[in-house]
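Okay, here's what each chain looks like letter by letter:
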Amino acid sequence: MTAHPELPDVLDVYHALERMHEWRGWHWWPDADPFEVCVGCILVQNTMWTNVERAIERLKAADALTPGAMAVLPPEALEDLVRPSGQYRQKAKKLRAFLDLCSRHGGFEALMALEASELRTVLLGCWGIGPESADAMVLYASRQPAVVIDAYTMRLFGRLDIGPVGSAEYRTWQAWKEEVLASEPRSPGEDRDLKARYHALIVMHCKHLCLKNRPKCEECELLPRCPYGQEMQG
Ligand code: SF4
């Protein structure tokens, strides 16, 4: 297989991110509880992760962070527990829709055991689960390879002028990154680990250095190759 012309760039960025952020922990990697990951994927929509952490702590304290325990909670009790994550009525409804999906597929474990592309399709058919949540669940909960795209991914690669810069389409960015990473042979486990680690590193980089406003370019190893950062310094 011929390497994609952008593969060296994409791997260079990965290694630079690893050097800058390897010491930071990330909530979904390497060994988070799969059901907690799925709940987090739903609760994090339109809010900050710190708010999700508070909701997860409340669910844990109420012994409600398992599919069985959550399924028997009265709707108002679930709403109250997830209140810190914002839009709590809607999010409780989304969690119940996800639990319904699990029961229709023989339970949470059986659902997560589906092959990646089938699981993605099934998840996308569930109310309240979009492409980013579905791919994050495939990658971090069912632990199969998936490329997760988010606003951080588009910000970082857009600033570095790598990839389909200018597009805001999830599928366009995902297809590009899938194609680039697929141009080098890897075992399924290595592929999964690279994708999981890469997405985590992008999130950490954009939260700590490549900020939306006033990025800390002087602390960033990518500055010599970053047109946006060079312009900011200029
Ligand atoms: S140099 Fe600045 S803009 Fe470029 S990737 Fe680093 S932090 Fe982001």
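Re the layout of surface pockets
Line of reasoning, step 1. Taken as a whole, the largest pocket spans an internal volume of roughly 650 Å³.
Line of reasoning, step 2. In terms of lining residues, the largest pocket is bounded by 24 residues, among which V44, T47, E132, D150 and Y152 are the most central.
Line of reasoning, step 3. The set of elements that each furnish at least two residues to the lining of the largest pocket consists of α3 (49–61), α9 (131–141), α10 (151–160) and α12 (188–208).
Line of reasoning, step 4. The residue makeup of the lining of the largest pocket, split by class, is eleven nonpolar, eight polar and five charged.
Line of reasoning, step 5. Counting contributing residues, the lining of the largest pocket receives three or more from each of domain 1 (7–25 + 148–233) and domain 2 (34–141).

Section: the packing of helix α2 (residues 34–43) against α3
When two helices pack together, their arrangement is given by the angle between their axes and by how far apart the axes lie.
Line of reasoning, step 1. At a closest axis distance of 10 Å, the pairing of α2 and α3 adopts a crossing angle of 135°. On the basis of the axis angle, α2 is oblique to α3. Once α2 is placed against α3, the crossing between them reads as right-handed. Counted together, E36, V39, G40 and L43 of α2 and W49, V52, A55, I56, L59 and K60 of α3 form the full contact between these two elements.

Notes on α2
Each α-helix winds once per 3.6 residues, and so residues spaced three or four apart point in a common direction.
Line of reasoning, step 1. Burial within α2 is extensive, with eight of its ten residues counted as buried.
Line of reasoning, step 2. As for α2, its buried residues are in contact with α3, α4 (67–71), α6 (88–104), α7 (108–112) and α9.

Some points on empty space enclosed by the protein
Line of reasoning, step 1. The final tally for this structure, using the stated rule, is two cavities of 30 Å³ or more.
Line of reasoning, step 2. One number sums up the size of the largest cavity: a volume of about 110 Å³.
Line of reasoning, step 3. Along its surface, the largest cavity is lined by 15 residues, and H205, C210, C217, C220 and C226 are the ones closest to its centre.
Line of reasoning, step 4. The dominant element in the lining of the largest cavity, judged by the number of residues it contributes, is α10, at three residues.
Line of reasoning, step 5. Of the residues assigned to the lining of the largest cavity, the class counts are eleven nonpolar, two polar and two charged.
Line of reasoning, step 6. In this model, the second largest cavity occupies a volume close to 40 Å³.
Line of reasoning, step 7. Secondary-structure elements contributing two or more residues to the lining of the second largest cavity are α11 (170–182) and α12.
Line of reasoning, step 8. Per element, the largest residue contribution to the lining of the second largest cavity is three residues, and it comes from α12.
Line of reasoning, step 9. Class assignment of the residues belonging to the lining of the second largest cavity gives a composition of five nonpolar, one polar and two charged.

Some remarks on the nonpolar core
Line of reasoning, step 1. L59, F98, L111, L123 and Y140 are the most contacted members of the largest nonpolar core, which totals 81 residues.
Line of reasoning, step 2. No other element matches α12, which puts nine residues into this core.
Line of reasoning, step 3. Each of domain 1 (7–25 + 148–233) and domain 2 (34–141) contributes no fewer than three residues to this core.

Things to note about the site of the ligand
Line of reasoning, step 1. Residues in close proximity to the ligand include L156, R159, H205, C210, C217, C220, L223, C226 and Y228, which together make up its full environment.
Line of reasoning, step 2. Counting atoms within 2 Å of the grid points, the majority share of the ligand lands in the largest cavity.
Line of reasoning, step 3. The class makeup of the residues in the shell around the ligand is seven nonpolar, one polar and one charged.

Criteria and cut-off values
- Residues numbered from 1 in each chain as written.
- Predicted model: local features only at pLDDT ≥ 70, side-chain atom pairs only at ≥ 80, totals over all residues.
- Heavy atoms only, no water.
- 1 Å grid on protein atoms, 1.4 Å probe; cavity = no way out; pocket = protein on both sides within 12 Å on 5 of 7 lines; lining within 4 Å.
- Points joined across faces, edges and corners; volume = space filled by probe spheres on them.
- Helix = DSSP H or I, 4+ residues; strand = E, 2+ residues; numbered from the N terminus.
- Nonpolar A, V, L, I, M, F, W, Y, C, P; charged D, E, K, R; others polar.
- Domains from an automatic or database assignment.
- Axes fitted to C-alpha atoms, helices over the stretch in contact; angles between N-to-C directions.
- Parallel < 35°, antiparallel > 145°, perpendicular 65-115°, else oblique.
- Left-handed = near helix turned anticlockwise from the far one by under 90°.
- Contact = heavy atoms within 4.5 Å.
- Buried < 20%, exposed > 50% of the residue type's maximum accessible area, 1.4 Å probe, protein only.
- Core = buried A, V, L, I, M, F, W, Y, C linked by side-chain atoms within 4.5 Å.
- Near = heavy atom within 4 Å.
- Sits in = over half its atoms within 2 Å of the grid points.

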